[in-house]
Amino acid sequence: MKKQDYHASITVNATAHEAFESINSVTKWWTENLEGSSQKLNDEFIVRFGDVHYSKQKLVEVVHDKKVVWLVTDSKLNFLKDKHEWTNTKISFEISTQNDKTKIHFTHIGLVPKIECFDACSNAWSQYIQQSLWRLVNTGKGQPDKKENKQRVKVNP
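To start, this report covers the structure provided alongside it. (Residues numbered from 1 in each chain as written. Predicted model: local features only at pLDDT ≥ 70, side-chain atom pairs only at ≥ 80, totals over all residues. Heavy atoms only, no water.)

**Notes on the side chain of Ser 75**
Among the secondary structure elements, Ser 75 is positioned in strand 5 (residues 67–77). Note on Ser 75: relative accessible area 0%, which makes it buried. (Helix = DSSP H or I, 4+ residues; strand = E, 2+ residues; numbered from the N terminus. Buried < 20%, exposed > 50% of the residue type's maximum accessible area, 1.4 Å probe, protein only.)

**Quick word on the sheet that holds strand 4 (residues 53–63)**
If you trace the 7 strands from one edge of the open sheet to the other, you get 1-7-6-5-4-3-2, paired in antiparallel fashion. The outermost strands of the open sheet, each flanked by one partner alone, are strand 1 (6–12) and strand 2 (34–36). Each strand axis lies, on average, 20 degrees off the axis of its neighbour in the sheet, ignoring direction. The strands touched by helix 1 (residues 16–24) within the sheet are strand 4, strand 5, strand 6 (90–98) and strand 7 (101–109), with strand 6 carrying the most contacts at an inclination of about 160 degrees. Here helix 2 (residues 118–139) sits on the sheet in contact with strand 1, strand 3 (44–49), strand 5, strand 6 and strand 7, set at roughly 15 degrees to strand 1. (Pairing = 2+ DSSP bridges. Axes fitted to C-alpha atoms, helices over the stretch in contact; angles between N-to-C directions. Contact = heavy atoms within 4.5 Å.)

**Details of the nonpolar core**
By size, the foremost hydrophobic cluster in this structure holds 40 residues, and its most contacted members are Trp 29, Trp 30, Trp 70, Phe 93 and Trp 125. The set of elements that each furnish at least two residues to this core consists of strand 1, helix 1, strand 3, strand 5, strand 6, strand 7 and helix 2. If you tally residues by element for this core, the top one is helix 2, at 8 residues. (Core = buried A, V, L, I, M, F, W, Y, C linked by side-chain atoms within 4.5 Å.)

**Looking at the environment of His 105**
Along the polypeptide, His 105 turns up in strand 7. A residue is classified by how much of its surface remains accessible, and His 105, at 28% relative accessible area, is partly exposed. Taking the C-alpha atoms as reference points, His 105 and Ile 10, 95 residues apart in sequence, are found 6.7 Å from one another. Apart from residues lying up to four places away in sequence, His 105 is in contact with His 7, Ala 8, Ser 9, Ser 92, Phe 93 and Glu 94. Within the structure, the side chain of His 105 is placed 3.4 Å from the side chain of Thr 107, a separation counted as a polar contact. (Polar contact = N/O pair within 3.5 Å; in protein donor to acceptor, adjacent residues only side chain to side chain.)

**A few points about the state of the cysteines**
Disulfide: a covalent bond formed between the sulfur atoms of two cysteine residues. Counted by the stated rule, this structure contains 1 disulfide. Between the sulfur atoms of Cys 117 and its disulfide mate Cys 121 the distance is 1.5 Å. Residue classification places Cys 121 among the buried positions, given a relative accessible area of 5%. (Disulfide = S-S within 2.5 Å.)

**Re the pairing of strand 7**
Note: strand 1 against strand 7, 7 bridges, orientation antiparallel. Bridge pairing in strand 7 links Ile 10 to Ile 104. Here 9 bridges tie strand 6 to strand 7, and the two strands are oriented antiparallel to one another. Counterpart to Phe 93 in the pairing with strand 7 is Phe 106. A loop of 2 residues connects strand 6 with strand 7, the two strands running antiparallel in sequence, and Asn 99 in this loop sits at a positive phi of about 55 degrees.

**Here's the deal with the packing of aromatic side chains**
Overall, the coordinates contain 13 aromatic pairs when judged by the stated rule. With centroids separated by 5.0 Å and ring planes inclined at 85 degrees, the aromatic side chains of Phe 45 and Trp 70 adopt a geometry described as edge-to-face. Of this pair, Phe 45 sits in strand 3 while Trp 70 sits in strand 5, and the two are 25 residues apart along the sequence. Neither residue differs from the other here; Phe 45 and Trp 70 are each classed as buried. Chaining the aromatic ring pairs together yields one cluster made of Tyr 6, Trp 29, Trp 30, Phe 45, Phe 49, Trp 70, Trp 86, Phe 93, Phe 106, Trp 125 and Tyr 128. (Phe/Tyr/Trp six-rings, centres within 6.5 Å; stacked < 30°, edge-to-face > 60°.)

**Remarks on the pattern of salt bridges**
Here the idea is simple: oppositely charged side chains can pair when their charged atoms come close. If you walk through the whole model with that rule in mind, you get 4 salt bridges. Taking the shortest distance from any N to any O, the salt bridge between Lys 40 and Asp 43 comes out at 3.1 Å. One salt bridge in this structure joins Glu 61 and Lys 67, with 3.7 Å as the shortest N-O distance. Among the residues examined, Lys 67 registers a relative accessible area of 22% and is labelled partly exposed. (Salt bridge = Lys/Arg side-chain N within 4 Å of Asp/Glu carboxyl O.)

Below you can see the structure in the form of structure tokens.
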């Protein structure tokens, strides 16, 4: 049976170690709106995209310079009927070297065509992996969502 989980691959001009470090630097390629840590096994972190997306990830597999897997332990995607569609899905990054290049194979296990989020979420992942993460690994500068300012400035008329 054909796997239908969303996946994307990028090839970068970097070592496997540099790719691994970049993947774990979530605030440099996915979003600056992160609470917690994304560095080692059993670390947990929360990401938010305004009032639209909340998800909590736990690092459940970490093989230095080869693989990182996050388990989504909680989620609330307010634009979906089933706001918890991501809960219990896994996000996997597998790293391999080919000649002088490094390949990152990304899979969101459980993000399949039959669920409501597939189109919107796969389009977003494509941007984050193929553009932002690719740029971070190759140039040192990704394109994460910027930090949201939680303090509202009051303007007196």
